[in-house]
Amino acid sequence: MGGCSSQSCHRCFFEYETERMIVVKSKVVGSVFRLIQFLILFYVIGYVCVVQKSYQETDSVISSVTTKVKGTGFTNTSDLGGRVWDVADYNIPPQGESSFFVLTNMIVTPNQTQSTCPELPNQSTICMSDSDCLEGSNDVRGNGIQTGLCMNYSETVKTCEVLSWCPLEIDINLPEHALLVAAEDFTVLIKNSVTYPKFNFHKRNILPDVNSSYLKQCEFNRKTDPDCPIFRLKDMVSEAEEDFQTMATRGGVLGIMIDWNCDLDWPEHYCGPKYSFRRLDNKIPENNVAPGYNFRFAKYYKTTDGRETRTLIKAYGIRFDVIVFGTRSSHFILWGNPSPAPAP
């Protein structure tokens, strides 16, 4: 019809065109043609349908996590003496948002009071006379507010006096080995509930057939007891290819990954959590500045004469972050929206 002029359009309207088909009898051309057909078929069925599962509808997981740590340990130090540590002592804070911290090492500065004392020596605090100290000066990297006096820090060094919690903490004497050695045998119960709102699907990592008696004696083992939600701390660190006592000395961050990828092409009881563990903080030897994980907290007391005192603890330990992820796949979307799956 493209050859019709405007004057003969009424004649072209009643004409019919068809293309001529040519059959090429060649094994080479025929093989190439069939190969192209096969590749297209393989892409649609093998990649789009089987690998990518593009025929399915998916939903992302919504999750909540609670944890409960158990275990006791014993330390014997010059600052604290012989002491038993229970979960209220080393689990700080007791409730975290999808994470928990276990104290394994510490620097303790006992009997601090609000008073004056010489600042720790550095380039900005070393002085020769009072004129080198500015009264009221507050260095954000220092330990207090200068009084304007230059005091003897040692027999050979003078520093500016500060108003602070004295005696000041000296945080360079970290024990070479973790104080709370027994922490490797502590356990944690992880309770994880997940929801796929699009399909009204709910499930927990504590399976329906689990009872209280089982929870009191089980411990996660990938081969013998993969459904137990109670984990030994050392086992998790070992699965992350780390040594617990080495990591416990300066602290670190360990990720507990819970994978809830579910496929409803399979029976629903196959939808369950898969656990993996990985160290998350930086431990690259070439960039070993500020390694590990630590923070400070204090315990406050009052003496018999009503004076406030405190024990300052620089806590080193392992923070465990529970990271939940996953998608749930429904049936063939061309069949219409799937009916909501019943909650187990």
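Reading the values: rules and limits
Residues numbered from 1 in each chain as written. Predicted model: local features only at pLDDT ≥ 70, side-chain atom pairs only at ≥ 80, totals over all residues. Heavy atoms only, no water. Disulfide = S-S within 2.5 Å. Helix = DSSP H or I, 4+ residues; strand = E, 2+ residues; numbered from the N terminus. Buried < 20%, exposed > 50% of the residue type's maximum accessible area, 1.4 Å probe, protein only. Phe/Tyr/Trp six-rings, centres within 6.5 Å; stacked < 30°, edge-to-face > 60°. UniProt positions renumbered as here; feature names shortened; annotations may be inferred. Contact = heavy atoms within 4.5 Å. Pairing = 2+ DSSP bridges. Core = buried A, V, L, I, M, F, W, Y, C linked by side-chain atoms within 4.5 Å.

Going by the annotation in an unreviewed UniProt entry, the name recorded for the protein is Purinergic receptor, with Oncorhynchus tshawytscha given as the source organism.

Caption draft 1: Quick look at the state of the cysteines. The full count for this structure, using the stated rule, is five disulfides. At a sulfur-sulfur separation of 2.0 Å, the disulfide partner of cysteine 127 is cysteine 150. Here cysteine 127 and cysteine 150 share a disulfide; its torsion about the S-S bond, 95°, makes the bridge right-handed. Within this pair, whereas cysteine 127 is found in the loop between β5 (99-118) and β6 (145-152), its partner cysteine 150 is found in strand β6, the two being separated by 23 residues in sequence. Each of the two residues, cysteine 127 as well as cysteine 150, counts as buried.

Caption draft 2: Main features of the packing of aromatic side chains. Following the criterion strictly, the structure yields 14 aromatic pairs and no others. Both rings, one in phenylalanine 231 and one in phenylalanine 277, keep their centres 6.0 Å apart while their planes meet at 70°; by these two values the pair is edge-to-face. Pair noted here: phenylalanine 231 is in strand β10 (residues 230-232) and phenylalanine 277 is in strand β13 (residues 274-279), with a separation of 46 residues, a long-range link. Of the residues examined, phenylalanine 231 reaches a relative accessible area of 1% and is grouped as buried.

Caption draft 3: Fine view of the UniProt feature "binding site: ATP" (unreviewed entry) in the protein. Within this structure's numbering, the places UniProt gives as "binding site: ATP" (unreviewed entry) are Lys68, Val69, Lys70, Thr187, Asn294, Phe295, Arg296 and Lys314. By the secondary structure assignment, lysine 70 is in strand β2 (residues 62-70). Excluding its chain neighbours within four sequence positions, the residues that come into contact with lysine 70 are Tyr90, Phe186 and Thr187. With respect to the secondary-structure elements, asparagine 294 resides in strand β14 (residues 294-302). Not counting the four nearest positions on each side in its chain, asparagine 294 is found in contact with Lys314, Ala315 and Tyr316.

Caption draft 4: The arrangement of the side chain of glutamine 112 in detail. You can see glutamine 112 is positioned in strand β5. Taking the relative accessible area as the measure of exposure, glutamine 112 reaches 1% and is therefore buried. Aside from chain neighbours lying at most four places away, what touches glutamine 112 is Trp165, Cys166, Pro167, Leu168, Glu169, Glu308, Thr309, Arg310 and Leu312.

Caption draft 5: Seen up close, the pairing of strand β11 (residues 252-259). The buried fraction of β11 amounts to eight of the eight residues, a majority that puts the element mostly inside the structure. Side chains Gly252, Leu254, Ile256 and Ile258 of β11 all project onto a buried face; the interleaved residues Val253, Gly255, Met257 and Asp259 project onto the opposite face, where all are buried too. The pairing of β11 with strand β15 (residues 308-325) spans eight bridges and is parallel. Its bridge partner lying in β15, aspartate 259 is registered against phenylalanine 325.

Caption draft 6: Geometry of the nonpolar core. In terms of nonpolar packing, the biggest core is built from 45 residues, with Val102, Leu103, Leu233, Met236 and Phe320 touching the most fellow members. Secondary structure elements with two or more residues in this core: β2, β5, β8 (187-196), α5 (233-239), α6 (244-250), β11, β13 and β15. Looking at which element gives the most residues to this core, the answer is β5, with six residues. Excluding anything up to four places from it in sequence, methionine 236 contacts Val188, Phe231, Leu254, Ile256, Phe277 and Phe320.

Caption draft 7: Fine view of unusual backbone geometry. For the bond running from cysteine 166 to proline 167, omega is 0°, close enough to zero to count as cis. Mapped onto the secondary structure, proline 167 falls in the loop between β7 (158-166) and β8. One non-glycine residue with positive phi stands out, namely asparagine 111, at about 55°. Structurally, asparagine 111 can be placed in strand β5. Residues other than glycine seldom take positive phi values, yet glutamate 241 does so here, at roughly 60°. With respect to the secondary-structure elements, glutamate 241 resides in the loop between α5 and α6. Overall, the relative accessible area of 73% leaves glutamate 241 in the exposed class.

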